[in-house]
Amino acid sequence: MGNNDFLEDDEDLFVTITLEDDSEVECQVLTIFEVEGQDYIVLMPVEDEDSEEGEVFIYRYYEDREGNPGLENIETEEEFEMVSEVFDELVEDGEYDEIIDDEE
């Protein structure tokens, strides 16, 4: 059981994140991708009827020395824009159609 169990391709992965208002949201891990040497993780909230269609959360993703996964907020608007553009391109390439279509 290595820590890469976190990234099994053949099963949906879920993580619970705590938002700034201390509420917890269960999210499905859509993908982890790299931009300019930094890994980012894309999370889609599940089961929340109030959330907007197609809303996702993007965080910096890292592993600590023990290999435990962690999330970090993206610090700047510029960084967020850059990462969002890369993710939008992935979506346009059709990589996540099956995930996003499932929601309808």
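Residues numbered from 1 in each chain as written. Predicted model: local features only at pLDDT ≥ 70, side-chain atom pairs only at ≥ 80, totals over all residues. Heavy atoms only, no water.

Undergrad: Looking at this structure, I do not really get a negative patch on the surface. What am I missing?
TA: On the surface, a cluster of negative charge is contributed by Glu77, Glu78, Glu81, Glu85, Asp88, Glu89, Glu92 and Asp93. Along the chain, aspartate 88 falls in helix 1 (residues 77-92). Judged by its relative accessible area of 42%, aspartate 88 falls in the partly exposed class. (Patch = residues over 30% accessible without salt bridge, like charges linked within 9 Å, V, L, I, M, F, W, Y side chains within 5 Å. Areas by Shrake-Rupley, 256 points an atom, 1.4 Å probe, with all protein chains shown as cover. Salt bridge = Lys/Arg side-chain N within 4 Å of Asp/Glu carboxyl O. Lys, Arg positive; Asp, Glu negative; His and termini not counted. Charge placed at Lys NZ, Arg CZ, Asp CG, Glu CD. Helix = DSSP H or I, 4+ residues; strand = E, 2+ residues; numbered from the N terminus. Buried < 20%, exposed > 50% of the residue type's maximum accessible area, 1.4 Å probe, protein only.)

Undergrad: Hey, could you run me through the sheet that holds strand 4 (residues 57-63) in this one?
TA: Across the sheet, which stays open at both edges, the 5 strands sit in the order 1-2-3-4-5 with antiparallel pairing between neighbours. Each of the sheet's edge strands pairs with one partner strand only, and the pair in question is strand 1 (14-18) and strand 5 (69-72). The mean angle between the axes of side-by-side strands here comes to 50°, regardless of whether they run parallel or antiparallel. Relative to strand 2 (residues 24-35), strand 1 runs antiparallel, the two being bridged by 5 bridges. Among the inter-strand pairings, valine 15 is bridged to a residue of strand 2, identified as cysteine 27. Along the sheet, helix 1 contacts strand 2, strand 3 (38-45) and strand 4; its crossing angle with strand 2, the most-contacted strand, is approximately 85°. (Pairing = 2+ DSSP bridges. Axes fitted to C-alpha atoms, helices over the stretch in contact; angles between N-to-C directions. Contact = heavy atoms within 4.5 Å.)

Undergrad: It is not clear to me how the pairing of strand 5 should be interpreted in this structure. Could you clarify?
TA: Regular strands show a simple pattern: their side chains alternate between the two faces of the sheet. Sheet topology places strand 4 next to strand 5; 4 bridges connect them, and they run antiparallel. Residue pairing in the sheet places tyrosine 61 in a bridge with leucine 71 of strand 5.

Undergrad: How should the pattern of salt bridges be read in this particular structure?
TA: Opposite charge on two side chains allows them to pair when their charged atoms are near. Here the structure, examined in full by the defined rule, presents 2 salt bridges. A salt bridge links arginine 60 to glutamate 72, with the nearest nitrogen and oxygen atoms 3.2 Å apart. Of this pair, arginine 60 sits in strand 4 while glutamate 72 is found in strand 5, placing the two residues 12 residues apart along the sequence. A relative accessible area of 35% means that glutamate 72 is categorised as partly exposed. Of the charged contacts, one joins arginine 60 and glutamate 79 as a salt bridge, the two residues approaching to 2.8 Å between their closest N and O atoms. Of this pair, arginine 60 sits in strand 4 while glutamate 79 sits in helix 1, placing them 19 residues apart in sequence. With relative accessibility at 10%, the residue glutamate 79 sits in the buried group.

Undergrad: So what exactly am I meant to see when it comes to the pairing of strand 2 here?
TA: Between the end of strand 1 and the start of strand 2, which pair antiparallel, lie 5 residues, with aspartate 22 showing a positive phi angle near 70°. Relative to strand 3, strand 2 runs antiparallel, the two being bridged by 8 bridges. Across the sheet, the residue bridging to isoleucine 32 is isoleucine 41, located in strand 3. Counting the residues between successive antiparallel strands, the hairpin from strand 2 to strand 3 contains 2 residues, one of them, glutamate 36, with a positive phi of roughly 50°.

Undergrad: Quick question: what am I supposed to make of the packing of aromatic side chains here?
TA: For any pair of aromatic rings, the description consists of the separation of the ring centres together with the inter-plane angle of the planes. As enumerated under the stated definition, the model contains 2 aromatic pairs in all. Between phenylalanine 33 and tyrosine 40, the ring centres sit 6.2 Å apart and the planes meet at 35°, which makes this aromatic pair tilted. For the pair phenylalanine 33 and tyrosine 40, a shared accessibility class is recorded, and that class is buried. For the pair phenylalanine 33 and phenylalanine 87, a centre-to-centre distance of 6.4 Å together with 20° between the ring planes defines the contact as stacked. Residue phenylalanine 33 is located in strand 2, and its partner phenylalanine 87 is located in helix 1; the two are separated by 54 residues in the primary sequence. Overall, the relative accessible area of 9% leaves phenylalanine 33 in the buried class. What makes phenylalanine 87 buried here is its relative accessible area of 6%. Through a chain of ring-to-ring contacts, three or more aromatic side chains come together here, namely Phe33, Tyr40 and Phe87. (Phe/Tyr/Trp six-rings, centres within 6.5 Å; stacked < 30°, edge-to-face > 60°.)

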